[in-house]
Amino acid sequence: MTAVAERAAERREQAPGDGASVPAQIGVLTAHTVQAMLSDRRLLLLTLVEPLPMLLVFGQALSGLARVPGFPRGVPYIDFLVPALMVTTALQSGLQSATRLTDDLGGGLISRFRTLPLWLGSVLVAQSAAGLVRGLIRLVTLVVLAWALFGFRSRGGPLALVLAVAVSLAVAWGLGWLFMLLACWFRRGETLQAAAGLAMFPLMFASNAFLPVASLPPWLRAVAEANPLTHGVTAVRALVLGRPALPAVAATFALALLVTAVTAPIAVRRVRRTE
Amino acid sequence: MTVASAAARTPASAIETAALGKRFGEVTALDGVDLTVPHGTVLGLLGHNGAGKSTLAGILTTLARPTSGTARVAGFDVVADAHRVRRRIGVAGQFAALDDRMTPRATLVLLARLHGLGHRAARARADGLLELFGLTEVAGRTLRACSGGTRRRLDLAAGLTGRPEVVVLDEPTAGLDPVSRLTLWEVVRGLARDGAAVLLTTQDLAEADRLADVVAVLRRGRLVASGTPGELKARVGSRSVTVRPADAADTAHADRALRANGIVAALDPARGTLTVAAASSRQVTDVLRALDTAGIDPGDLTFSEPGLDEVYLALATGHGPDAALDAAPDTAPGTAPDAAPGGPVRGAA
């Protein structure tokens, strides 16, 4: 029996420390999630061509909107449109993180994670960090395609464009947490998609994304002005058009932080619940 | 006490539960379970579907919280010290807890990294486990494309990435082919030799018999017996004697003759055999004398030791020679006698 106790003690000493630290867990899981994302070639390819139909259809079908009242003078519709597509791309990117999370929550690995010395919030933080990588890939693709094929130009210069991408990523981050909270609630991808679809349409169209707010009927204008997406679009658009953008940029970052601060702790608590 | 000495300290028992209970609303899944598993021991937990095996495994692996009583694993309370428990346990379940989109190697490397190993150490650990479980060939294949046996083996390998000192296996061999099962048995024995404690739930009696040092039987959430396989067999009506009269026509006649002497036999008309529980050689003599008096040639005569099957039937279902068990005087020392009249006997490890 003493021999057994000795071997047990030896086994105990050989065991790797207290598990990885929380930042290390997040690092490992983020790398894993990004790698999984990049290894899905078909999804990657679809992501890369996705902006094309939007640019084509919106750019052509809605170009007449450049003549509606309230439309900024002398601005080609494409320069008005691209900031809106940047923010809606960010929205979809956030939703994709959440969908990916429902896959993970439904899969077996998460139940193994529950038996590991792991802070389960790491899984969410990693998913959200990987969402930024995904968002960056999609935004860069969008901007490059719009520039190369549709004559999009950033009137605010390259630095403003970089900042515009950063603002869009902030939107993707905040909304990503909101959708991840929904994912922790619904657990199923289909339910999440249905709920997101319900929210997505008014978020996208009851805003200043595709039309100047001034051109909307008064009640819709009130909705659009309250829509958080409108702030994001205003900020990105002001940057791209080379106009004063600081208040809108600050408001968007603050809003994204606020949404994250409210939803992240609830999402983490939900995912950590074992029963 | 310093941290170092706390780490070196090995608790007396790897798993220790006291009056452990779990209720789901009206349903009692576990009821007053007292269980002790020392290091270096394999405990086989037997029971029907719904007997509480998985609930117990869930509590010991911190996936579920008990509603009463306590459980300590590797010396730590599963509720208050869940994190410390998690770093010392390894788990493999009924449902392979893996990601279908990943390869076996990537899975093991990821888990090793999460256990705190560096890049290189994690890769070495993964390679070692792949080798041990014969997974090297499929190491780079997406799990979706792997067989059920591969997934089960990887699931167990995944449970061992952290060099656990307590291993909980919930029906690990269900649905495995015989070769994979043998591999797994070898690994489990190896773990116990290395000082780990293994709790293994199973419905496979041969597995419990071959693998477990101690067998515990759960019935409707209660521990109804525990002991070595040999001890349990000894407690369920010891030996039996089977006779097959030379003349098959005599079978019914023989049955009547035994009955007349107060001996109850189990009749198998298809084989023409009569089986009588015979704890002592005296009872064997009684059987033979009764037959002789009736002028029947006993023909083929075989003795058999009870298998774990009989134990299981008697204990896990509550049918079978339960009365004999309830009357069994050999409740092991250190256990509380069951309070409920006519209730199940509780043994000790």
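Note that this is a predicted model, so its numbers are computed, not measured. Starting afresh in each chain, residues are numbered from 1 along the sequence in its written order. Each chain gets a letter, beginning with A, and each ligand a number, beginning with 1, in the order they are written. Thresholds applied to this predicted model are a pLDDT of at least 70 for local features of residues and 80 or more for the giving and counting of side-chain atom pairs; totals over whole chains, interfaces and linings are not thresholded and use all residues. The side-chain quantities take in all heavy atoms of the structure and omit both hydrogens and water.

Draft legend 1. Representation of the overall build of chain B. In this text, helices come from DSSP runs of H or I with a minimum length of four residues, and strands from runs of E with a minimum of two, each type numbered from the N-terminal end. Within chain B, the secondary structure is distributed over 13 helices and 14 strands. Each residue's exposure class comes from its accessible area (1.4 Å probe, protein chains only) as a fraction of the maximum for that residue type: buried when under 20%, exposed when over 50%, partly exposed otherwise. Buried positions account for 50% of the 349 residues belonging to chain B. By sequence separation, contacts in chain B at least 24 residues apart represent 67% of the contacts at least 6 residues apart. Note on areas: these come from Shrake-Rupley sampling with a 1.4 Å probe, and a residue is covered only by the protein chains present in the view. Summed over all atoms, the accessible surface of chain B reaches about 15500 Å², with 53% contributed by carbon and sulfur. The criterion used for residue contact is that any of the two residues' heavy atoms lie within 4.5 Å.

Draft legend 2. Representation of the environment of B:Leu232. Mapped onto the fold, B:Leu232 is located in helix 9 (residues 229-235). Judged by relative accessible area, which is 2%, B:Leu232 ranks as buried.

Draft legend 3. Up close: the domain arrangement of chain B. The start and end points of each domain follow an automatic or database-based domain assignment. Domain boundaries assigned for chain B yield domain 1 (13-234) and domain 2 (240-304). For domain 1 of chain B and domain 2 of chain B, the distance between their C-alpha centres works out to 45 Å.

Draft legend 4. Focus on a nonpolar patch on the surface. All names here are of chain A. Each patch groups residues whose relative accessible area exceeds 30% and which form no salt bridge, using 9 Å between like charges and 5 Å between nonpolar side chains of Val, Leu, Ile, Met, Phe, Trp and Tyr. By definition, a salt bridge exists where a carboxyl oxygen of Asp or Glu is found within 4 Å of a side-chain nitrogen of Lys or Arg. Together, Leu46, Leu48 and Val49 give the surface a local cluster of nonpolar side chains, amounting to about 260 Å² of exposed area. With respect to the secondary-structure elements, Leu48 resides in helix 3 (residues 41-49). Here Leu48 falls in the partly exposed class, since its relative accessible area comes to 37%.

Draft legend 5. Spatial organisation of the UniProt feature "transmembrane region" (unreviewed entry) in chain A. All names here are of chain A. As annotated by UniProt and renumbered to match this structure, "transmembrane region" (unreviewed entry) occupies residues 116-149, 161-186, 198-220 and 245-268. Taken end to end, residues 116-149 has its terminal C-alpha atoms 50 Å apart, with 85% of it in helix and 0% in strand. Within residues 245-268, the helical portion is 96% and the strand portion 0%, while the C-alpha atoms at the span's ends are 34 Å from each other. UniProt positions are given in the numbering used here, feature names are shortened, and annotations may be inferred rather than shown by experiment.

Draft legend 6. Representation of the nonpolar core. Formed by 114 residues in total, the largest nonpolar core has its most connected members in A:Met86, A:Phe113, A:Leu124 and A:Phe210. In this view, A:Met86 contacts A:Leu139, A:Leu142, A:Val143, A:Ala164, A:Val165, A:Ser168 and A:Val236; residues no more than four positions away in its chain are not counted. Residue types Ala, Val, Leu, Ile, Met, Phe, Trp, Tyr and Cys, when buried and joined through side-chain atoms within 4.5 Å, form a set referred to as a nonpolar core. Ranked by size, the runner-up nonpolar core spans 31 residues in total, among them B:Leu20, B:Leu43, B:Ala57 and B:Leu199.

Draft legend 7. Looking closely at the packing of helix 2 (residues 22-39) of chain A against helix 7 (residues 121-150) of chain A. Residue and element names in this part refer to chain A. Think of each axis as a best-fit line through the C-alpha atoms, taken over the contacting stretch in the case of a helix, with angles from 0 to 180 degrees between the N-to-C directions. Here helix 2 crosses helix 7 at 45°, and the two axes come no closer than 8 Å. One finds that helix 2 runs oblique with respect to helix 7. Like other packed secondary-structure pairs, helix 2 and helix 7 cross with a definite hand, here right-handed. Between helix 2, through Val22, Gln25, Ile26, Leu29, Thr30, Thr33, Val34, Met37 and Leu38, and helix 7, the contact on the second element is made entirely by Ser122, Val123, Val125, Ala126, Gln127, Ala129, Ala130, Val133, Arg134 and Ile137. Considering only residue class, the contact of helix 2 with helix 7 consists of 13 nonpolar, 5 polar and 1 charged. Any angle that is under 35 degrees is reported as roughly parallel, and any over 145 degrees as roughly antiparallel; angles of 65 to 115 degrees are reported as roughly perpendicular and all others as oblique. Note on convention: near helix rotated counterclockwise from far helix by under a right angle means a left-handed crossing. Clockwise means right-handed. In this classification, Asp, Glu, Lys and Arg are treated as charged, Ala, Val, Leu, Ile, Met, Phe, Trp, Tyr, Cys and Pro as nonpolar, and every other residue, Gly included, as polar.

Draft legend 8. Fine view of the layout of surface pockets. The pocket and cavity definitions rest on a 1 Å grid over protein atoms only: a 1.4 Å probe that fits but cannot leave marks a cavity, an open set with protein on both sides within 12 Å along at least five of seven lines marks a pocket, and residues lining either have an atom within 4 Å of a point. Grid points are joined across faces, edges and corners, and a volume is the space filled by probe spheres set on the points. Of the volumes computed, that of the largest pocket is approximately 1000 Å³. Secondary-structure elements contributing two or more residues to the lining of the largest pocket are helix 2, helix 3, helix 5 (77-106), helix 6 (109-113) and helix 7 of chain A together with helix 4 (104-114) and helix 5 (119-132) of chain B. For the lining of the largest pocket, the leading source of residues is helix 2 of chain A, giving 9 residues. In terms of residue class, the lining of the largest pocket is built from 14 nonpolar, 11 polar and 14 charged.

Draft legend 9. Highlighting unusual backbone geometry. A positive phi is found at A:Arg187, a non-glycine position, where the angle reads about 70°. With respect to the helices and strands, the residue A:Arg187 is situated in the loop between helix 8 (157-186) and helix 9 (189-205). Phi angles above zero are rare outside glycine, and B:Arg220 is one such case at about 45°. Position of B:Arg220 relative to the elements: it lies in the loop between strand 9 (214-219) and strand 10 (222-227). Owing to a relative accessible area of 64%, B:Arg220 belongs among the exposed residues under this scheme.

Draft legend 10. Geometry of the pattern of salt bridges. Enumeration over the complete set of coordinates arrives at 19 salt bridges over all chains. Salt-bridge contacts for B:Arg181 lead to B:Asp204; the nearest nitrogen and oxygen are separated by 2.4 Å. Of the two residues, B:Arg181 sits in helix 7 (residues 178-193) while B:Asp204 sits in the loop between strand 8 (197-202) and helix 8 (205-211), which places them 23 residues apart along the sequence. Looking at B:Arg181, the relative accessible area reads 23%, which means it is partly exposed. With relative accessibility at 21%, the residue B:Asp204 sits in the partly exposed group. A network of salt bridges, in which partner residues are shared, links A:Asp103, A:Asp104, B:Asp99 and B:Arg101.

Draft legend 11. Quick look at the sheet that holds strand 1 (residues 13-24) of chain B. Residues and elements named next belong to chain B. Taken in spatial order, the 4 strands make up an open sheet running 2-1-4-5, and their pairing is antiparallel. The sheet is open, and its two borders are formed by strand 2 (27-38) and strand 5 (76-77), each paired with just one other strand. By definition, two strands form a pair when at least two bridges between them are found by DSSP. Of the strand pairs in this sheet, strand 1 and strand 4 (residues 68-73) are connected by 5 bridges, and their pairing is antiparallel. Bridge pairing in strand 4 links Ala18 to Thr70.

Draft legend 12. How the structure looks around the environment of B:His83. With respect to the secondary-structure elements, B:His83 resides in helix 3 (residues 82-86). In this structure the C-alpha to C-alpha distance between B:His83 and B:Arg144, which are 61 residues apart in sequence, comes to 31 Å.

Draft legend 13. Layout of the pairing of strand 4 of chain B. Residue and element names in this part refer to chain B. For strand 4 and strand 5, the ladder comprises 2 bridges, and the chain directions are antiparallel. Paired with Val73 across the bridge in strand 5 is Phe76. Connecting the antiparallel pair strand 4 and strand 5 is a turn made up of 2 residues, with Ala74 showing a positive phi of about 55°.

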